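# Observations on the three-dimensional arrangement
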Amino acid sequence: SAIFLQDYKAPSFIISRTELSFELFEDHALVHSQLHMQRDAGAAGPLVLDGQDLELVSVAVNDVPLTSAQYTVDAESLSIAELPDTFVLSCTTRIKPQENTALEGLYRSQKMFCTQCEAEGFRRITYYLDRPDVMSEFFTEIVADKGKYPVLLSNGNLIEQNELPDNRHQVKWHDPHKKPCYLFALVAGDLVSLDDTFTTVSGRSVVLRIFVEQKDIHKCDYAMAALKKSMKWDEEVYGREYDLDIFMIVAVDDFNMGAMENKGLNIFNSSCVLANQVSTTDDNFLSVEAIVAHEYFHNWSGNRVTCRDWFQLSLKEGFTVFRDAEFSADMNSRTVKRIEDVKVMRTNQFAEDSGPMAHPVQPPSYIEISNFYTLTVYEKGAEVVRMIHQLLGAEAFRKGSDLYFSRHDGQAVTIKEFVSAMAEVSGRDFSQFMNWYQQAGTPEVALKGEYDPSAQTYKLTVKQHCRPTPECKDKKPYLIPLAMGLLGANGALPLYLGDDLDAEKPTHRVLEVTEAEQQFLFTQVAEEPVPSLFRNFSAPVKYQYNYSLDDLQRIITLDEDGFCRWDASQQMAISVIHRVLAEMAESPAPTVDSRIIDAHSALLDEAISAVTGNTEADLHLLAYMLSLPSEGYLAELKTPIDVEGIHFARNRVKRKLAAALKEKYRTLYVKLADATTEFSVDAAAIARRYLKNLCLDALVFAADEAGVELCKAQLHHANNMTDELSALRILVHNTNPFIGDVAPYLEAFYQKWKADSLVMNKWLAVQASRPAADALASVSSLLKHPAFDKNNPNKLRAVLGTFANGNPIGFHARSGAGYEFFADQVIAVDARNPQIAARLVAPLTQWKKHDEQRQGVMRNALEKISRVEKLSKDVYEIVSKSL
Ligand code: ARG
Ligand code: ZN
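Note that the coordinates shown come from a computational prediction; the quantities given were computed from them, not determined experimentally. (Residues numbered from 1 in each chain as written. Chains lettered and ligands numbered in written order. Predicted model: local features only at pLDDT ≥ 70, side-chain atom pairs only at ≥ 80, totals over all residues.)

As recorded in UniProt, the feature "domain: Peptidase M1 alanyl aminopeptidase Ig-like fold" (unreviewed entry) lies at residues 441–546. A distance of 23 Å separates the end C-alpha atoms of residues 441–546, which is 0% helix and 48% strand. (UniProt positions renumbered as here; feature names shortened; annotations may be inferred. Helix = DSSP H or I, 4+ residues; strand = E, 2+ residues; numbered from the N terminus.)

Here we take up the packing of helix 1 (residues 221–238) against helix 2 (residues 282–297). Where helix 1 contacts helix 2, the axes come no closer than 9 Å and their chain directions differ by 45°. As the angle between them shows, helix 1 and helix 2 are arranged oblique. The chirality of how helix 1 crosses helix 2 is right-handed. Mapping the contact onto sequence places Y222, A223, A226, L227, S230, M231 and D234 in helix 1 and F285, V288, E289, V292, A293, Y296 and F297 in helix 2. Of the residues that constitute the contact of helix 1 with helix 2, the class distribution is 11 nonpolar, 1 polar and 2 charged. (Axes fitted to C-alpha atoms, helices over the stretch in contact; angles between N-to-C directions. Parallel < 35°, antiparallel > 145°, perpendicular 65-115°, else oblique. Left-handed = near helix turned anticlockwise from the far one by under 90°. Contact = placed C-beta atoms within 7 Å. Nonpolar A, V, L, I, M, F, W, Y, C, P; charged D, E, K, R; others polar.)

What follows covers the site of ligand 1. Taken together, 13 residues surround ligand 1, and among them E118, M257, M260, S370 and Y373 come closest. At the level of secondary structure, the elements contributing two or more residues to the shell around ligand 1 comprise strand 20 (259–260) and helix 2. A per-class count over the shell around ligand 1 returns 5 nonpolar, 4 polar and 4 charged. (Near = placed C-beta within 6 Å.)

This part is about the nonpolar core. Of all hydrophobic cores here, the largest spans 266 residues; its most connected members are A223, V250, L691 and V841. The contacts of L691, once residues within four sequence positions are left out, are A607, L619, L622, A623, L668 and L672. (Core = buried A, V, L, I, M, F, W, Y, C linked by C-beta atoms within 7 Å. Buried ≥ 20, exposed ≤ 12 C-beta atoms within 10 Å, placed from the backbone.)

Counting along an α-helix, one turn takes 3.6 residues, and residues three or four places apart therefore face a common direction. A rise of 1.5 Å per residue sets the reference length of helix 1, with its 18 residues, at 26 Å; its end C-alpha atoms lie 25 Å apart and thus fit the reference within 8%. Those residues of helix 1 that sit buried are Y222, A223, A226, L227, S230, M231, W233 and D234. In the core, the buried residues of helix 1 are packed alongside strand 17 (192–199), strand 18 (205–212), strand 19 (246–252), helix 2 and helix 3 (313–331). Note on helix 1: the residue one or two positions beyond its end, G239, has a positive phi of about 65°. (Expected span 1.5 Å × (residues − 1).)

So, on to unusual backbone geometry. The step from E118 to A119 runs through a cis peptide bond, and the omega angle for that step is 0°. With respect to the element layout, A119 can be found in the loop between strand 11 (112–116) and strand 12 (136–145). In this structure, the amide linkage connecting T639 to the following residue, P640, adopts the cis form with an omega of -10°. For D53, which is not glycine, the phi dihedral falls at a positive 55°. With respect to the secondary-structure elements, D53 resides in the loop between strand 4 (47–50) and strand 5 (55–61). Under the C-beta neighbour-count criterion, D53 is labelled partly exposed, with 17 such atoms within 10 Å. Even without being glycine, Q456 reaches a positive phi, approximately 55°. As for its placement among the helices and strands, Q456 is situated in the loop between strand 25 (444–452) and strand 26 (457–465). Overall, the presence of 14 C-beta atoms within 10 Å leaves Q456 in the partly exposed class.

Structure (structure tokens):
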């Protein structure tokens, strides 16, 4: 039952006006709808409305009730054959939000009612044309108990409020902007709000309200500040002004995803909006800022201009992720944000691209659209938009986005319209570029350099290749922007391409690679250079150049591009770790190349000098350069994955570094601890805390007794969650004689924070990620702990998601017990919440990358899931495509 892009047909009916009335009760809800509909000129056939898990109470056309012979209802639709060209369809459905554990449509989260309609949740509320190209003006009335649900919200502006008998009340909302039903939202609850205002560039005052339960009201300020910054940034950078008199955010505890951009009424997973000093880590602060911005930016890229169909999902998501990434880069450290995003691409998106669910940024077909809210559609989609930005330059890109927004305002369009606007303003031909949208898989780029000392030339040969994927067996070459420079022994060399002796002596160029194999000849190259390649990660590709450790050291020390300095540090670490891995078979104590110790020693000196105030440096970047690549990324590099080998080789290098550089780590830790008593959440403060905790980790990892004491002291005296949680994690994830039993630390943390569900998620995740072959035992006991809740997606992610994605040693334990346990959990979750189950199952689908023995047990686990009788479409699609 797959759906194909090529089968797209425009709707035969439109719904110009949608009037909804909700009556909320404790065991059910009644939804009355009046849809003002017109048949599209020339369209024939019956009206087929989408509906799922609905009880149809009544249906009428132009106020005349239909007899059961006049319509048909099945599990997914309501069809009516005989209809005039213009009519009002009235429907009443009864639904059970209280029993809705899928968290799609109208559901209950703790004591409130809320909705999640994207992608196809609205059909669980009432019969409708649940597709994004049907846009309508919404009027929403809500009636509920006044005591339990004093706050009743929907999209747009509040137009009426009335008291009713029996302690009930009624509110009416009107959204003047036409929208598809996936942007509809309703909230009813006992909520309080943090209120503020924003004055737009044209001088309109907008009321801003963040609604939360009373217990969370002290955690709203950060999101409010982020919202105001986002509104300003979108005016300045994209010329986009907000278009209603009120903008609301609601925090809910039970939410499948991060947040949702419903028009004027964004609904957030509470973990993505609540934040304060004592309970929130720096990572969380940054992601709250980014997600608030992301959802706000959707008001233009998604809501004012929306998607024609769900194959166009990246039209709004790729573009909006690019927008939020640039916003975060402007608010914080640009280089650090870029590195963060590249880590996600390389570790997670590349894995998706090389696995059985590989799909293009614009997928050609799907069984369940919820499965396509992926890293490919979001993050790779954003990389594709970033390449357009790179090719056009900021100015032309802005012209293109202005054209796109003005030309398509109020429309539901496709990716082609977006690219056409960019093509038009730049005069560029984007036909080859479209391969980025249509071909799945990660392009692999092999580069080779040849220096000719007598001719003073440097020839760069570039070859690209992309593995076949189901939708495309024979990949056409991509247009790959290759941002690069050449480094001499003392710094950047001027780049002359062929005869073009540019008087500006540029040290940076963006080459456009378009062929399967291509050469670039640089002239007047005075010495043998080391190339700095894919600066700022100028294309989402895997690239390979045969660097020596000395080449990498040159890039680390001299390159102007922060991303490439970091990348070189990672490549150096990878090559040292791979060498240890290779030697491990023969030797109990494989050698760790001393050049990595020298490199890290120099980086630590650079950091110490910056902290002492003698020099300037991005401490966060230095900390990232001092970090070894994750086990997840190392696993991505070589198949079959040597799970234990990677763990032990990486740890061996890490231990060597920690032992050799202990005193520098200590010096830096002490200096940073002194400098970070005042708490703030700016990039510099975040960098200091990050580096400080990296030093602490190294000291404890080196089994340094004094270091362990510093860690315990930090756990007790921390005035912020970043420091407190880092200390806890370091103690729990390490074993050495000075640490002793960690149970009391976990217990004390639990007692201190058990009333704060979001902090409890972190506490659960620290334990689920403890790297040990017997981690499964603690993971299964966490499922019985009072801090766990099997119906809450955040808890499921904290325990099961963390175990499978962040604990390779535990999850992939040889016995296969981790897989078996996991299959049972996926099956249990699927019966309640298919979307979450489908996300959890992903790590098992990577089975082909493991050794034969593991392949067998992982496959068995998948087969067990596939044999379940009532498997959801969501899990079915993923499991069947991966077997
Ligand atoms: N549009 C939302 C966002 O990107 C995500 C909604 C996802 N919903 C889903 N059912 N997969 O901000
Ligand atoms: Zn989004």
